[in-house]
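Now for the letters of each chain:
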Amino acid sequence: MDETKRKIVNVICLVLIVILAVIFGVLAYSSQKEEMRERERLQQIADQVQPKEAELRDLQEELVEMEKQISYESDMARIMVGFVISQQDDIDYIRELSAEYGFSPVLVLNCALDVGEVAERIALAADTGWEIMLTASPFSMEAIDVARTGLWDAGLQDSGVFLLRYEDFSANHTEMLLKNGFVGYTRYHEDIPTDGCTDDPMVYFDYSYIQTAGTTVGSRLAALYDSKASLILVLDMDAVHRHALLKEEIEELLDWTKEYTDQDDCTWATIGEVVAGLLETGAIETERRNAYDQYAAEQLNREEELRKGIEGIYEGNP
């Protein structure tokens, strides 16, 4: 009897083992089939999404690259040479320098001086035919208007670019210059000289004001050359008269500068040439910006369409 029961138990256990094995086998098979179906589903989604994502990525990369091309970089560094004068000897000396080094001088007229002194310096400039750049430190629009009237009375006209010193620079002053007919101003940058054209538009370029022997411009000339920007060197002849700056030091500076202007990608320039170049650059950049904005707006609908299409594929395949 006990032997019979044992056999029955063994059979039952064997049957249970077989049943469990079948169950586990079925579950494993079902799980494997489910995994295969999931992989197929994901692959199907990827096949549908991939072309849209690739197009979206290409579109975004195209816009990024197009935006990079908006900025128009000059391939030429340009150097102007200005002089603050106070007597006829200054004019004679500047003529000698310009003949020797090959630049066109710019006369810098300080409107903040006494009216009589301003008139004397205008008289000195009358027969030179050189460009005239106005400055005033401290800044005074009233003094600038008086000086401009004096120039007009003498049959002269300023360059339209104002030497705005670092200590006088402000948005309010540049706005006043714009309203009073100026086309540009100087903007000091401590490290790398830069130039450009604002949205107004007004042009701007850098300056170095040299009135002491200790003024260091070597590093600024090197940075100017590397950045291919525009810079005006302003040499204060009043400093020469009070012996704070020597003529030998001026000539040494011009020797350094000529080492750059002798290169193919650096040149002496006039204010007029720099203004024309910067306005042309500004026009080119504006044209490129407008083209970019128009194209980006046109592509916006396509970008949104692609995004919605991608979202719809994922939502349709939960």
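Numbering of residues starts from 1 in every chain and runs along the sequence as written. Reporting of local features is limited, given that this is a predicted model, to residues whose pLDDT is at least 70; pairs of side-chain atoms are given and counted only at 80 or more, and all residues count toward the totals for whole chains, interfaces and linings. Hydrogen atoms and water are omitted, and side-chain values are computed over all heavy atoms in the structure.

Draft legend 1. The side chain of N110, seen in detail. Secondary structure elements follow DSSP: runs of H or I of four or more residues count as helices, runs of E of two or more count as strands, with numbering from the N terminus. Mapped onto the elements, N110 comes out in strand β2 (residues 105-110). Judged by relative accessible area, which is 18%, N110 ranks as buried. Any pair of residues with heavy atoms lying within 4.5 Å of one another is described as a contacting pair. Apart from the residues within four sequence positions on either side, N110 is in contact with V118, T135, A136 and S137. Only protein chains enter the accessibility calculation, which uses a 1.4 Å probe; a residue whose area is less than 20% of its type maximum is buried, one above 50% is exposed, and one in between is partly exposed.

Draft legend 2. Spatial organisation of helix α4 (residues 141-153). Expected span of a helix: the number of residues minus one, times 1.5 Å. Compared with the 18 Å implied by 1.5 Å per residue over 13 residues, the 18 Å span of α4 between its first and last C-alpha is a close match. All buried positions along α4 are accounted for by M141, A143, I144, A147, R148 and L151. Down the axis, α4 shows its buried residues gathered within 155° of arc, on one side only. Turned more than 90 degrees away from the buried face of α4, the exposed residues are E142 and D153. Each element contacted by the buried residues of α4 is listed here: β2, α3 (115-125), β3 (131-135), β4 (161-163) and α5 (171-179). G155 sits one or two residues past α4 and shows a positive phi near 80°. Here, the arc refers to the directions that run from the helix axis to the C-beta atoms.

Draft legend 3. Representation of the pairing of strand β1 (residues 77-84) in the model. With 8 of 8 residues buried, β1 is to be regarded as a mostly interior element. Neither face of β1 is left uncovered, since the one carrying A77, I79, V81 and F83 and the one carrying R78, M80, G82 and V84 both have all their residues buried. Pairs of strands are assigned from DSSP output, requiring at least two bridges between the strands. Strand direction decides the pairing type here: β1 and strand β9 (residues 266-268), joined by 3 bridges, are parallel. The residue of β9 that forms the bridge with R78 is T267. Pairing between β1 and β2: 4 bridges, direction parallel. In the strand pairing of β2, F83 is matched with L107.

Draft legend 4. Layout of the packing of helix α2 (residues 88-101) against helix α8 (residues 247-261). Under this scheme, a helix contributes an axis fitted over its contacting stretch, all axes are lines through C-alpha atoms, and angles between N-to-C directions fall in the 0 to 180 degree range. α8 packs onto α2 with a crossing angle of 25° between their chain directions and a minimal axis gap of 11 Å. Here α8 runs roughly parallel to α2, going by the angle between their axes. Considering only the axes of α2 and α8, their crossing is right-handed. For the pair formed by α2 and α8, the contact residues are Y93, L97 and Y101 on the first element and K247, I250, E251, L254, D255 and K258 on the second. Each angle receives one of four descriptions, namely roughly parallel if under 35 degrees, roughly antiparallel if over 145, roughly perpendicular if within 65 to 115, and oblique otherwise. By definition, any crossing whose near helix is turned counterclockwise from its far helix by less than a right angle is left-handed, and any crossing with a clockwise turn is right-handed.

Draft legend 5. Focus on the packing of aromatic side chains. Note on aromatic contacts: the rings of Phe and Tyr and the six-membered ring of Trp form a pair at centre separations within 6.5 Å, being stacked when their planes are under 30 degrees apart, edge-to-face when over 60 apart, and tilted otherwise. A full pass over the atoms with the stated rule returns 9 aromatic pairs. The interplanar angle of 25° and the centroid separation of 6.1 Å between the aromatic rings of F83 and F103 together place this pair among those described as stacked. Separated by 20 residues along the polypeptide, F83 in strand β1 and F103 in the loop between α2 and β2 bring together distant segments of the chain. In this structure, F83 and F103 share a single accessibility class: buried. Taking the centre distance of 5.7 Å and the plane angle of 80° together, the rings of F162 and F182 count as edge-to-face. Residue F162 is located in strand β4, and its partner F182 is located in the loop between α5 and β5 (184-186); the two are separated by 20 residues in the primary sequence. The pair F162 / F182 is uniform in exposure class, with both members buried. Grouping aromatic residues by their ring pairs yields a cluster made of F83, F103 and W268.

Draft legend 6. View of the packing of helix α6 (residues 218-227) against α8. The interhelical angle for the contact between α6 and α8, taken along N-to-C directions, is 15°, at an axis separation of 11 Å. Taken together, α6 and α8 sit at an angle that is classed as roughly parallel. α6 and α8 meet at a crossing whose hand is right-handed. Seen from α6, the contacting residues are G218, L221, A222 and Y225; seen from α8, they are L253, T257 and Y260. Following the grouping adopted for this structure description, the nonpolar residues are Ala, Val, Leu, Ile, Met, Phe, Trp, Tyr, Cys and Pro, the charged ones are Asp, Glu, Lys and Arg, and the polar ones are all others, Gly among them. Each residue belonging to the contact of α6 with α8 can be placed in one class, and the counts come to 5 nonpolar, 2 polar and no charged.

Draft legend 7. Looking closely at the environment of L233. When you line up the elements, L233 lands in strand β8 (residues 230-236). In sequence terms L233 and T257 are 24 residues apart; their C-alpha atoms lie 9.7 Å from each other. Apart from residues no more than four positions distant in its own chain, L233 is found in contact with I79, M80, V81, G82, S208, I210 and T257.

That's the geometry; what it means functionally is another story.
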